[in-house]
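A closer look at the structure
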Amino acid sequence: MKPSPLTSLLFLFLFLFLFTISSASPPLPPTPSPTSSPSIPSTLDPKQLKALQSLNIPTSKDPCSQPSLHNATLCDNSKPFRHLISLSLSNCSHYLSLSFTALKSLSTLQTLQILNCPNITPTRFPPQLAASLHSFTCINTFHKLSGVFLSRLSNLTHLTLSNLNVKASGPYVILSRMTNLKTLTISNANLTGYLPKHIHSNLTHIDFSFNMLKGNIPPSITMLDTLEILNLSSNGLKGEIPSSIGDLISLKNLSLASNSFSGTVPDSISAIPGLVHLDLSSNQLNGSIPKFISEMRSLRHLNLANNNFRGVLPFNSSFINKLQVLKVSGNGNLCYNHSVLSSKLKLEIAPCDKYGKPVSPPPSKSSFADDSGDSDYNDGDDNDDGSSRRKEHHHGPNKVVLGVAIALSSIVFLVVFLILCSKCCR
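Now for a look at the structure at hand. (Residues numbered from 1 in each chain as written. Predicted model: local features only at pLDDT ≥ 70, side-chain atom pairs only at ≥ 80, totals over all residues. Heavy atoms only, no water.)

Points about the sheet that holds strand 12 (residues 229–231)
The following threshold applies: DSSP bridges decide pairing: two strands pair if at least two such bridges lie between them. Strands are runs of DSSP state E lasting at least two residues, helices are runs of H or I lasting at least four, and both sets are numbered from the N terminus onward. All axes here are fitted lines through C-alpha atoms, helices being fitted over the stretch that makes contact, and every angle between N-to-C directions spans 0 to 180 degrees.
Reading across the sheet, the twelve strands line up as 1-2-3-4-6-8-10-12-14-16-18-20 and stay open at both edges, with mixed pairing between neighbours. Strand pairing shows two members of the sheet lacking a second neighbour, strand 1 (73–75) and strand 20 (325–327), which therefore form its edges. Neighbour-to-neighbour, the strand axes of the sheet open up by a mean angle of 5 degrees, direction not taken into account. Inspection of the sheet shows strand 4 (residues 135–141) paired to strand 6 (residues 158–162) by five bridges, in the parallel sense.

Some words on the environment of Phe-261
As a reminder of what qualifies: Between buried and exposed lies partly exposed: a residue is buried under 20% and exposed over 50% of the maximum accessible area for its type, with that area taken using a 1.4 Å probe on protein chains only. Pairs of residues are marked as contacts when any of their non-hydrogen atoms sit within 4.5 Å.
Note that Phe-261 resides in strand 15 (residues 260–263). According to the relative accessible area criterion, Phe-261 is buried, its value standing at 0%. The spatial distance from the C-alpha of Phe-261 to the C-alpha of Ile-241 is 6.7 Å, given a sequence separation of 20 residues. Setting aside chain neighbours within four positions, we find Phe-261 in contact with Ile-217, Leu-237, Lys-238, Gly-239, Ile-241, Leu-256, Asn-283, Gln-284 and Leu-285.

A closer look at the packing of aromatic side chains
This is how the line gets drawn: Within 6.5 Å between ring centres, the rings of Phe, Tyr and Trp (the latter by its six-membered ring) count as paired, and their orientation is classed by plane angle as stacked under 30 degrees, edge-to-face over 60, tilted in between.
On inspection of all chains with the given rule, the structure shows three aromatic pairs. Seen from their ring centres, Phe-125 and Phe-149 are 5.0 Å apart, and the 75 degrees between their planes marks the pair as edge-to-face. Of this pair, Phe-125 sits in the loop between strand 3 (111–117) and helix 4 (127–132) while Phe-149 is found in helix 5 (residues 147–151), placing the two residues 24 residues apart along the sequence. Exposure class is identical for Phe-125 and Phe-149. Each is buried.

Details of helix 2 (residues 46–54)
Filter applied, for reference: The arc in question is traced by the directions running from the helix axis to the C-beta atoms.
Among the residues making up helix 2, those that are buried are Gln-48, Leu-49, Ala-51 and Leu-52. Buried residues of helix 2 fall within an arc of 160 degrees about the axis and therefore sit on the same side. Turned more than 90 degrees off the buried face of helix 2, the exposed positions are Lys-47 and Lys-50. Considering only its buried residues, helix 2 is in contact with strand 1, strand 2 (84–90) and helix 3 (100–105). Residue Asn-56 follows helix 2 closely and has a positive phi angle near 60 degrees.

Let's talk about the sheet that holds strand 17 (residues 284–287)
What the eight strands build is an open sheet, ordered 9-11-13-15-17-19-21-22; its pairing is parallel. Of all the strands in the sheet, the pair left with one neighbour each is strand 9 (192–194) and strand 22 (350–351). Inspection of the sheet shows strand 11 (residues 212–215) paired to strand 13 (residues 236–240) by two bridges, in the parallel sense. By the bridge assignment, Gly-215 is partnered in strand 13 with Leu-237.

A short note on the state of the cysteines
In plain terms, the rule: Cysteine sulfur atoms are paired as a disulfide whenever they fall within 2.5 Å.
Tallied over the full model, the rule gives three disulfides. Shown here is the disulfide that connects Cys-92 with Cys-117, its sulfur atoms set 2.0 Å apart. Taking the torsion about the sulfur-sulfur bond, which here is approximately 60 degrees, the covalent link between Cys-92 and Cys-117 counts as right-handed. Residue Cys-92 is located in the loop between strand 2 and helix 3, and its partner Cys-117 is located in strand 3; the two are separated by 25 residues in the primary sequence. Taking relative accessible area as the criterion, Cys-117 reaches 1% and is therefore assigned buried. Bonded cysteines in the protein are paired 1-2, 3-4, 5-6 when counted in the order they occur along the chain.

None of the figures reported here should be taken as evidence of function without further support.
This is the structure:
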C-alpha cells in the first residue's frame, strides 16, 4: 500500500525540524586524547633550563620533578625558581659541548657526574661552580685532565676519577687545597709521581690503583685513623710496608697488590680489628707468613699469592673455612702441613716434608690406579699398580684390531653386493 501524500508531508516536516535543532545547538568541546596531557610548567630557573637544553638534556618534563629523567637532575626548594644542585651526564653524544656559558648558569651545582663521555673537551669551570662543587665524578670522560684544573675544586668532599688521563707531577698538586676531602679515587689514570707526604686527615677512602706512582708509603697515610679503604694496587711502589700500618685502626680493606714491596708482613696489621680484605699479592715479600693472621676474626679475603714467602703455612682448617677467598700460590718455598690440612683444599702449594720444606708435587693421576684417598700422594706398591695397568691393557680386544676387522668386513660386503647387482642386471 502506497503512503498517502499527507503522511509523506508529515515525515518531511519532522526531518526539517530535527535538522534545524541540530544546526542551532552549540558544538560540543573536543574530547581530549587519553594519551595527551597538558604541559607542566617548569619550576626551574629559566637560565638553568636553557643551559640544560644546550646540553641536550630533555626538558619536556620539569627537571625538578622527582624522579627526574634518568635521575639526571636534582633541585633545591628555593623560590620563586628552584635551582639545580645535582647533575649527571652519561653516554653523551659526540657533538655535546660543555660551554663556559652553560656551566656559569649551573653554578649552583654541588654534585656533578660525567660518565662515559670520552669525546667531551674539558672546559674551564667558572669560579662560582668550582667553589660550589662538593662532589665531582669523572669516569671514562675527557681525553685528559690537568692537576691544576682539579686543584681549583678546593671545596670537594668526594672526588672520583677513573679510566682517563690525569696530567700532574704527583697527587699533591691535586690534593693540596682540598682540606675537606673524605673519599678519593684516582684509578687507571696514568698518574705519576709520589704519594703525598702531607695529606688531610678527613679521608675515609683512598684508591690510587692502576697508576704509575713510585716510592714508599709515607707516614702521612698511616696517620689517617678514620681511613676505611686503602687501595694502592698496581703501581710501582717499593720498600717495606710501614710498621705503623697498624695505626689505621678503622681500616676494612687494604690492597697493596702488584707493586714491589719487600720485607716481611708487619706485626702491627694484627692491631687492625675490623680488617675484612687483605691483598698483598704479587710483591717481593719474604719471610714466613705470620701466625697472627689466623687470629684476625673479621678477615674474609686473604691474598698472599706470588711472593717469596717460605716455611709452613700457619693456618688450620677452621680458619680457612671461615675465609671466602684464600690465595697462597706462587710462593715456591711455602708448604702446608698435610697432617693438619687436606690436599682437597687445593691451596696450589706443595705439602711439607718432616723438615718443613716443600716436597716435590705428587705424580700425575695417570700414574696411579687409586687416587681416591685423602693422602697427599700415593705410597702404594708399584707391583700392584703395574698389575692393574696390565689388567686394563688386556681387557677386551685391541681397538686397532677391531677397527681393521670392521673395515675388512665392510669391503667384503660391498664386493658381494656389487656381484649380486651385476647378475641381476643381465
